[in-house]
Amino acid sequence: MAKCAICNKGVYFGKSVSHSHRKSNKIWKSNIKSTRVKTKDGNKRIHVCTSCLKNVKAERV
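Calculation criteria
Throughout, residues of each chain are indexed from 1 in the direction in which the sequence is written. In keeping with the model being predicted, local features are shown solely for residues with a pLDDT of at least 70 and side-chain atom pairs are shown and tallied solely at 80 or more, while totals for entire chains, interfaces and linings include all residues. No hydrogens and no water enter the side-chain calculation; it runs on all heavy atoms of the structure. Secondary structure elements follow DSSP: runs of H or I of four or more residues count as helices, runs of E of two or more count as strands, with numbering from the N terminus. What makes two residues a contact is simply this: any of their non-hydrogen atoms within 4.5 Å. Pairing between strands requires that DSSP locate at least two bridges from one strand to the other. The quantity known as pLDDT measures the predictor's confidence residue by residue, on a range of 0 to 100. Using a 1.4 Å probe on the protein chains alone, a residue whose accessible area is under 20% of its type maximum counts as buried, one over 50% counts as exposed, and one in between counts as partly exposed.

So, about the side chain of Thr35. Position of Thr35 relative to the elements: it lies in strand β3 (residues 32-39). Ignoring any residue separated from it by four or fewer positions in sequence, one finds Thr35 in contact with Lys44, Arg45, Ile46, Val48 and Leu53.

Here β3 pairs with strand β4 (residues 42-49) via eight bridges, running antiparallel. Note that in β4 the partner of Lys38 across the bridge is Asn43. Here β3 folds back onto β4, and the loop between the two strands holds two residues.

This paragraph deals with the confidence of the model for the protein. Mean pLDDT over the protein stands at 90; residues scoring 70 or higher make up 97%. Across the protein, strand β2 (residues 23-28) holds the top mean pLDDT of 97, while helix α1 (residues 50-60) sits lowest at 83.

In this section: unusual backbone geometry. Unlike most non-glycine residues, Asn8 shows phi in positive territory, near 65°. Position of Asn8 relative to the elements: it lies in the segment before β1 (12-17). On the basis of relative accessibility, which here comes to 52%, the residue Asn8 falls in the exposed class. One non-glycine residue, His21, adopts positive backbone phi at about 70°. Secondary-structure assignment places His21 in the loop between β1 and β2. A residue is classified by how much of its surface remains accessible, and His21, at 53% relative accessible area, is exposed.

Next up, the structure:
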């Protein structure tokens, strides 16, 4: 699974607990998108989570 290039957010692991208190493994996946970024060398594709992508778009406006 990819990680965010800005905040390093990735997959989180834990336990899912039912009403009867039985525990099973659970995975939380981050909402990561592949975006294109302009650099000195040209266009580059990086993985960015949507919260970082939203913050970057808000700063541009």
